[in-house]
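# A look at the structure
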Amino acid sequence: MRIFRRTPLSKPKVAFYWCASCGGCEEAVVDLAEDILKVVAAVEFVFWPVAMDFKVKDVEALQDGDIAVSFINGAIRTGEQEHMAKLLRKKSGLVVAFGACAHLGGTPGLANFINRKTIFDRVYLNAPSVYNPDGILPQQKTMVEEGELTLPEFYDTVCTLDQVIDVDYYLPGCAPPPDLIMKAVEAILSGNLPEKGTVLAPDRALCDSCKRRDTKPEKAVIKEIKRVHEVLLDPVKCFLDQGVICLGPATRDGCGERCINANMPCRGCFGPTSRVVDQGAKFLSGLASIIDANDEQGIKKVIDSIADPAGIFYYYALPASMLRRKR
Amino acid sequence: MGFLCNWCSYGGADAAGSQRKNYAPNVKVIRVMCTGRVEPEFVLKAFQSGADGVLILGCHPGDCHYKEGNYKALRRYHLLKKVLSQFGIEEERLRLDWVSATEADKFVDTINDMVATIKALGPLALSNPALAKGVSADFQEDTLV
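Rules of the game
- Residues numbered from 1 in each chain as written.
- Chains lettered and ligands numbered in written order.
- Predicted model: local features only at pLDDT ≥ 70, side-chain atom pairs only at ≥ 80, totals over all residues.
- Buried ≥ 20, exposed ≤ 12 C-beta atoms within 10 Å, placed from the backbone.
- Helix = DSSP H or I, 4+ residues; strand = E, 2+ residues; numbered from the N terminus.
- Contact = placed C-beta atoms within 7 Å.
- Nonpolar A, V, L, I, M, F, W, Y, C, P; charged D, E, K, R; others polar.
- Pairing = 2+ DSSP bridges.
- Axes fitted to C-alpha atoms, helices over the stretch in contact; angles between N-to-C directions.
- Arc of directions from axis to C-beta.

### Some remarks on helix H2 (residues 40-48) of chain B
For H2(B), the complete set of buried residues consists of Pro40(B), Glu41(B), Val43(B), Leu44(B), Ala46(B) and Phe47(B). Tucked inside the fold, the buried residues of H2(B) contact helix H9 (279-289) of chain A together with strand E3 (54-58), helix H3 (69-86) and strand E4 (94-98) of chain B. Positive backbone phi, at 115°, marks Gly50(B), one or two positions downstream of H2(B).

### A short note on the interface of chain A and chain B
Contacts between the two partners involve 36 residues from chain A and, on the opposite side, 32 residues from chain B. Those elements giving two or more residues to the side of chain A that touches chain B turn out to be helix H4 (79-91), strand E8 (154-159), H9, helix H10 (296-304) and helix H11 (309-313) of chain A. Ranked by residues supplied to the side of chain A that touches chain B, first place goes to H9(A) with six residues. Class assignment of the residues belonging to the side of chain A that touches chain B gives a composition of 17 nonpolar, eight polar and eleven charged.

### Brief notes about the sheet that holds E4(B)
Residue and element names in this part refer to chain B. Reading across the sheet, the four strands line up as E2-E1-E3-E4 and stay open at both edges, with parallel pairing between neighbours. Every other strand in the sheet has two partners, leaving strand E2 (29-32) and E4 as the edge strands with one partner each. The sheet shows a mean angle of 20° between the axes of neighbouring strands, direction not considered. Examined bridge by bridge, strand E1 (residues 2-5) and E2 share four bridges and lie parallel to one another.

### Points about H10(A)
Among the residues of H10(A), those classed as buried are Ile299(A), Val302(A) and Ile303(A). In an axial view of H10(A), the angular spread of the buried residues amounts to 100°, which keeps them on one side of the axis. Residues of H10(A) that are exposed and point more than 90 degrees away from the buried face comprise Gln297(A) and Asp304(A). Close packing links the buried residues of H10(A) with H3 of chain B.

Purely spatial values, then, with no claim about function.
The following block contains the structure:
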């Protein structure tokens, strides 16, 4: 195993970094509760910007491969994130893509339906609360009296972590649940690791363990697609049977059904199982087969009741999909 | 790229061949057992691999060898077209039609018509480097900050 370059007395070094993400993955670490003490006892944190005061130069000062494992959350959408991902890759034995955004692109990846210009125009020029009469947009370099100020480049396309660097393992979820995080940490500490590239979660569909699976429709039942706020959701019946889109059939199991238990349908944050490349297309296929209409008009009527199908089928996985972005 | 069902449309293509009919040579035919076997992933894979258009041909409604495979194909087709348009891919680049084993003329007309439609649209050109190389062109530059 190449990960532990250490003397018997030193603990394995661990880094935790965030890219384009919301901070929920950092929160997930705190959600380990008292288990976090076991982790802290077993490892030495060398970089964790959200929680501890380390600087980039501290990482740069490390030898290549010195960090046993880097957990990187968030998608890659700026030059700084790409740079940090590459730096951590160089310094680490293992890199784990932590959470849906690093794994699949996540909700920031939905920006791939638009581009940088549209985003900048909206955020810095056209949003109702913006006052920007000179139309100033973020620049990578700005000269001020004190010298030059720099900002990272903002990319047109959001990428998954593995589209930018080599990734060893994936911890799926928005955010990954504490039990899967602990299992992964234990596996890494013991060196008892699966094949490289494995997603550290069960390799079966969410429906497999769903409590509502007995009411999952076998035949075409959907006459109209409803959004969650348009219907009083039955707490025991399969969402698809209620005409509500639930990505469970095309999503990996292991989340503990947090959404289903809160009477909300699955949005697919665990990504597809290992046999599926394109989660959205796979769900599309399954959903279309249970639409209750055989004539063109009837089919179109049901399909027209789906608001933003691409957005919902690729809720978490657009950058990881086959087409990756809008043409 | 053409996905042709084994029982009707592939027979239709065969009939066109045995009658020595001419049609546009631009189509690459893949025989599937049923249009119901054509997963949306196949269509995306075709576009991703450079196809400018995808044609799915199957049995007329009511004639499916497996009773309802072509109905499933029809539902997937309409939903996929809507999704493709959200990806900025013209709906005309995907077409589903029915060709029976005896309809050699319809097969020829459908192929010619589809090829003319695609030629008018031009290449799909998913030339975005994000698709070709795995990362966007931005990533090729050294972007240290």
